[in-house]
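So the chains spell out like this:
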Amino acid sequence: MRENTRLDGPTIGPAPVYTPPCPDQVLENVLENVLHFLTCRKDRNSASLVCKSWYRAEALTRSDLFIGNCYAVGPARATERFRRVKSVVMKGKPRFADFGLIPPNWGAFPTPWISAFAQAYPWLQKIHLKRMTVTDYDLQHISLSFPSLNDLTLVCCEAFGTSGLSFLASNCRQLRVLDLFEDEVNDDEVDWICSFPETENNLESLSFECIDFPINFNALEKLLARSPNLKRLRVNRFVTIDQLYRLMVRAPQLTHLGTGSFTPSEIWIPAHQDLDFGAAFAACKSLVCLSGFREIAPVFLPSIYPVCANLTSLNFSYANLNAEELSSVICHCHNLQTFWVLDTVGDEGLRAVASTCKDLQELRVFPIDAREDSEGFVSEVGLLAISEGCKKLRSILYFCQRMTNSAVIAMSKNCPELLVFRLCIMGRHRPDHITNEPMDEGFGAIVMNCKKLTRLAVSGLLTDKAFEYIGQYGKLVRTLSVAFAGDSDMALKYVLEGCPNLLKLEVRDSPFGDSVLRSSLPHLYNMRFLWMSACRLTLSACRQFAKEMPHLVVEVFTNGMEEVNDKDEFVDTLYMYRSLEGPRTDAPEYVKIL
Amino acid sequence: MENSNINLCYHEDTELRLGLPGTKNGSEKKRSFSEINEESTSGVEQCHDDHLISQPKVQAIGWPPIRSYRKNCLQVTKAHKESTRMYVKVSMDGAPYLRKIDLKLYKDYKELLKALEEMFKFKSGKSSNKEAFRNGSEYEPTYEDKDGDWMLVGDVPWDMFIASCKRLRLMKGCEAKRLACLA
């Protein structure tokens, strides 16, 4: 098939001899040119369904490939359909893997994908992998297969170390972005920073906050000197504040800064007083995003005052600050849109946020003590204050030990723009701590009043009523997380029957049984996956279900990696997802695919 | 349900029972909060993992849903914050017991002395009249530094002091005079 030359893409095939195109070809050419402008995935999927010609044209013009579940489709099928891909985003394990609910070696290996891409898309520019098991070999393979690679981002990945990073640093000559977010990186004792070439480079972003061991600081400082385009630098907690100073004075053009430990190397000595940290920050006039503060010495907080007014994103979620310390900073942050913080700041700290950050869109409040019976430092008081001050809020993640329906209801009314509402009352089955009622009405109000809501995580004492509300009003909900909730199977039925856009449903430790599977039948092909662990599903029901649904992969496994036994009353974990490929071949022994 | 539990506690004291004084009447199992609510909600099917209900203090895996990376980092953060406290023992000559103070709470010598004076109900040689001091009835704060030497409090900059102070001793006036002469 003769391909046309694109202005931006590569030419495939021999140099064409000109013959006038037939009318169909003209139409397809026009279509392809128009489809280039279509970037939204959903729109593209719709366009591809119109007719064969549109399907082909769309497939040829899709340059951003998104694979939400690496097992939903295979490398051969994907590369066969999409021929001109320049960027790939792929996700592997389901989210509950983050909390230790999936035993090791479960899967999500990118290896076959990298091999396929190396053949099909040698011009690949961008690779983003999330929750995948990426080895050093994979990173080496990537570094050698894609000479045009300019963006490699790994989020929540594991199984690689500094040797893998070293391959990337030395071989990827076009690299602009190397971002490691929340990965587990092994210390192979290879100096990967030194592996960057001695020449000037194109680095724009270098993020390694998740690396939990020291790096070669002197090499980093020298690397900065040869990275004139660097805009985003996020260092790990082994970089001290005096070292940070040295980096900042070299790179005042930074827009995003991860500040490392934010504490001095030794006990504070008078010599450090000579370093004008405030001036260093003041010199960074383009700074809009700050993170790090891993072992913050609060005495240094005033250094960041000069940049606060320009900040749109601030991550204090590793900084043990009290309300007063936070207030001193936040009162300057009028333009803040994203804010992550620890609950040590208390309701009072949140009040300070609410009174200044009128443009806040995303708030995450993490607990310093992540145990069920810990003392919570924030409550409904903080939530209410935020709802009253930050009316533009779109996304909230809030960990607490005490909550009331009225505060949640208030938020549902004060913050109509909410897209993401994730409330985690850490003590299991906790009711409204003032009225002692279940939290049904609160969550009900959220789905009722926040008409744009796409993601919801529920907690606290919940009856089936809460789920009835979700099914009735949560028409745009795509992701739902449920834990220790509900009374009967009706709860999940409400949701599965009522939420047409439900894509991801993750449930744990709730009393839902086999009839849920039957009622989910018509909906499951529209969902990316269903996860149910520590519920009341029997193996025989799962088996029956797997038989009836050919394009679903039904995985069952136990927590302790023991063999799944017919004699067990209930299945530990069910992970079910749609797939065009059938059962995967790389599953470990403890996973039973029905 | 919860109310009835509270009433039980109030009545226990006045309850008439058989048995020796000081013994509890058997197996009133201590029920935790989440148990109570399990029973108070009608129609709750018992959760599959029974043991999670009968001993709710057992931590469930992966709950609360915080990534283990963050959990581990915050352990470090918590420990660090604790280490940015600086508790040192404070002894007072003639007093039978010691006290402990957190040096990081004070930003200079003035605040520290004030706190010590309040805690031990004395007046330091610097602030009281010279005569009382000469009589040896007053106390002078001294400290043991990193090298094990006893120093007079107040000679070095505050930052250096808190970096090197290992313990404090409120020395009796006469003894302190000797130190002062040496300083």
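Residues numbered from 1 in each chain as written. Chains lettered and ligands numbered in written order. Predicted model: local features only at pLDDT ≥ 70, side-chain atom pairs only at ≥ 80, totals over all residues. Heavy atoms only, no water.

(A) The overall build of chain A, seen in detail. The helix and strand tally for chain A stands at 20 helices and 23 strands. Here the C-alpha coordinates of chain A stretch approximately 75 × 70 × 50 Å along the principal axes. When the 594 residues of chain A are sorted by exposure, 59% land in the buried category. Taking all contacts inside chain A whose residues are at least 6 apart in sequence as the whole, residues at least 24 apart take part in 71%. Separation of charge centres in chain A, based on 61 positive and 70 negative side chains, amounts to 8 Å. (Helix = DSSP H or I, 4+ residues; strand = E, 2+ residues; numbered from the N terminus. Buried < 20%, exposed > 50% of the residue type's maximum accessible area, 1.4 Å probe, protein only. Contact = heavy atoms within 4.5 Å. Lys, Arg positive; Asp, Glu negative; His and termini not counted. Charge placed at Lys NZ, Arg CZ, Asp CG, Glu CD.)

(B) Structural detail: the overall build of chain B. Within chain B, the secondary structure is distributed over eight helices and five strands. In chain B, the order of α-helices and β-strands from amino to carboxyl end is α-α-α-α-β-β-α-α-β-β-α-β-α. Counting across all 183 residues of chain B, residues that qualify as buried make up 38%. Considering only intrachain contacts with a sequence separation of at least 6, the fraction spanning at least 24 residues in chain B is 48%.

(C) Expanded view of the domain arrangement of chain A. On domain assignment, one finds that chain A holds domain 1 (315-390 + 397-401), domain 2 (413-421 + 436-536) and domain 3 (548-594). Look at where the C-alpha atoms of domain 1 of chain A and domain 3 of chain A centre, and you get two points 40 Å apart. (Domains from an automatic or database assignment.)

(D) Main features of the packing of helix α6 (residues 136-145) of chain A against helix α7 (residues 162-171) of chain A. Residue and element names in this part refer to chain A. For the pair α6 and α7, interaxial distance at closest approach is 8 Å and the crossing angle is 5°. Considering their axes alone, α6 and α7 lie roughly parallel with respect to each other. Together, Asp 136, Leu 139, Gln 140, Ile 142, Ser 143 and Leu 144 of α6 and Ser 163, Gly 164, Leu 165, Phe 167, Leu 168 and Asn 171 of α7 make up the contact between the two elements. (Axes fitted to C-alpha atoms, helices over the stretch in contact; angles between N-to-C directions. Parallel < 35°, antiparallel > 145°, perpendicular 65-115°, else oblique.)

(E) Structural context of unusual backbone geometry. Each neighbour pair has its own omega, and for Trp 63 of chain B with Pro 64 of chain B the value is -5°, a cis peptide bond. Looking at the secondary structure, you find Pro 64 of chain B in the loop between α3 (50-54) and α4 (68-83). The phi dihedral of Ala 108 of chain A is positive, around 65°, even though this residue is not glycine. Turning to its location among the elements, Ala 108 of chain A is positioned in the loop between β2 (87-91) and α5 (111-120). Relative accessible area serves as the criterion here: at 0%, Ala 108 of chain A is assigned to the buried category.

(F) Region of interest: helix α16 (residues 440-449) of chain A. Residue and element names in this part refer to chain A. The element α16 is extensively covered by neighbouring structure, given that seven of its 10 residues are classed as buried. Within the span of α16, buried status applies to Asp 440, Gly 442, Phe 443, Gly 444, Ala 445, Ile 446 and Val 447. On the buried face of α16, the contacting elements are α15 (405-414), β16 (420-425), β17 (455-457) and α17 (464-473).

(G) Quick peek at the packing of aromatic side chains. Residues and elements named next belong to chain A. Within this structure, the stated rule accounts for 31 aromatic pairs over all chains. Ring geometry for Trp 192 and Phe 208: centres 5.5 Å apart, planes at 85°, overall edge-to-face. Pair noted here: Trp 192 is in the loop between β7 (185-186) and β8 (205-207) and Phe 208 is in the loop between β8 and α8 (217-225), with a separation of 16 residues, a long-range link. Just as Trp 192 is buried, Phe 208 falls in that class too. Taken together, the ring pairs connect Tyr 71, Phe 96, Phe 99, Trp 106, Phe 529, Trp 531, Phe 557, Tyr 575, Tyr 577 and Tyr 590 into an aromatic cluster. For the cation-ring pair, Lys 465 lies above Tyr 469, with the distance from its terminal atom to the ring centre recorded as 5.1 Å. One cation-aromatic arrangement involves Arg 584 over Tyr 71; the distance from NZ or CZ to the ring centre is 4.6 Å. (Phe/Tyr/Trp six-rings, centres within 6.5 Å; stacked < 30°, edge-to-face > 60°. Lys NZ or Arg CZ within 6 Å of the ring centre and 35° of its normal.)

(H) Fine view of the pairing of strand β19 (residues 504-508) of chain A. Residue and element names in this part refer to chain A. Summarising burial for β19: five of the five residues are buried, a large majority. Residues Lys 504, Glu 506 and Arg 508 point to one face of β19 and Leu 505 and Val 507 to the other, with burial holding for every one of them. In terms of strand pairing, strand β18 (residues 479-483) meets β19 through five bridges, oriented parallel. Residue Leu 480 lies in a different strand from β19, and its bridge partner there is Leu 505. Each parallel crossover has a hand, and the one from β18 via helix α18 (residues 490-498) to β19 is right-handed. (Pairing = 2+ DSSP bridges. Right-handed = clockwise from strand over helix to strand, strands pointing away.)

(I) Quick peek at α6 of chain A. Residues Asp 138, Leu 139, His 141, Ile 142, Ser 143 and Ser 145 of chain A constitute the buried set of α6 of chain A. On its buried face, α6 of chain A is in contact with α5, β3 (126-130), β4 (151-155), β5 (160-161) and α7 of chain A.

(J) The arrangement of the pairing of strand β3 (residues 139-144) of chain B in detail. All names here are of chain B. Of all six residues making up β3, six are buried, and the element is well covered by its neighbours. Residues Tyr 139, Pro 141 and Tyr 143 line one face of β3 and the alternating positions Glu 140, Thr 142 and Glu 144 line the opposite face, and both faces are buried. In this structure, β3 lies alongside strand β5 (residues 167-172), joined through six bridges in antiparallel fashion. Bridge assignment links Tyr 139 to a residue of β5, and that residue is Lys 172.

(K) A look at the environment of Tyr 139 of chain B. All names here are of chain B. Relative to the assigned elements, Tyr 139 resides in strand β3. Take Tyr 139: its relative accessible area is 13%, and that puts it in the buried class. Once the C-alpha coordinates of Tyr 139 and Lys 89 are considered, the two residues, 50 residues apart in sequence, prove to be 16 Å apart.

(L) Region of the structure containing the confidence of the model for chain A. Residues of chain A with pLDDT of at least 70 account for 95%, and the chain-wide mean is 91. Under a pLDDT of 50 for its full length, residues 1-9 of chain A has, in the predicted model, 16 contacts with residues more than four places off or in other chains. (pLDDT = per-residue confidence, 0-100.)

(M) Examining the nonpolar core more closely. Formed by 197 residues in total, the largest nonpolar core has its most connected members in Ile 304, Leu 314, Phe 316, Phe 339 and Phe 421 of chain A. Setting aside anything within four residues of it in sequence, one finds Leu 314 of chain A in contact with Leu 290, Phe 293, Val 329, Ile 330, Cys 333, Leu 336, Thr 338, Phe 339 and Trp 340 of chain A. Grouped together as the second largest cluster of nonpolar side chains are 22 residues, Val 88, Ile 101, Tyr 106 and Phe 122 of chain B included. (Core = buried A, V, L, I, M, F, W, Y, C linked by side-chain atoms within 4.5 Å.)

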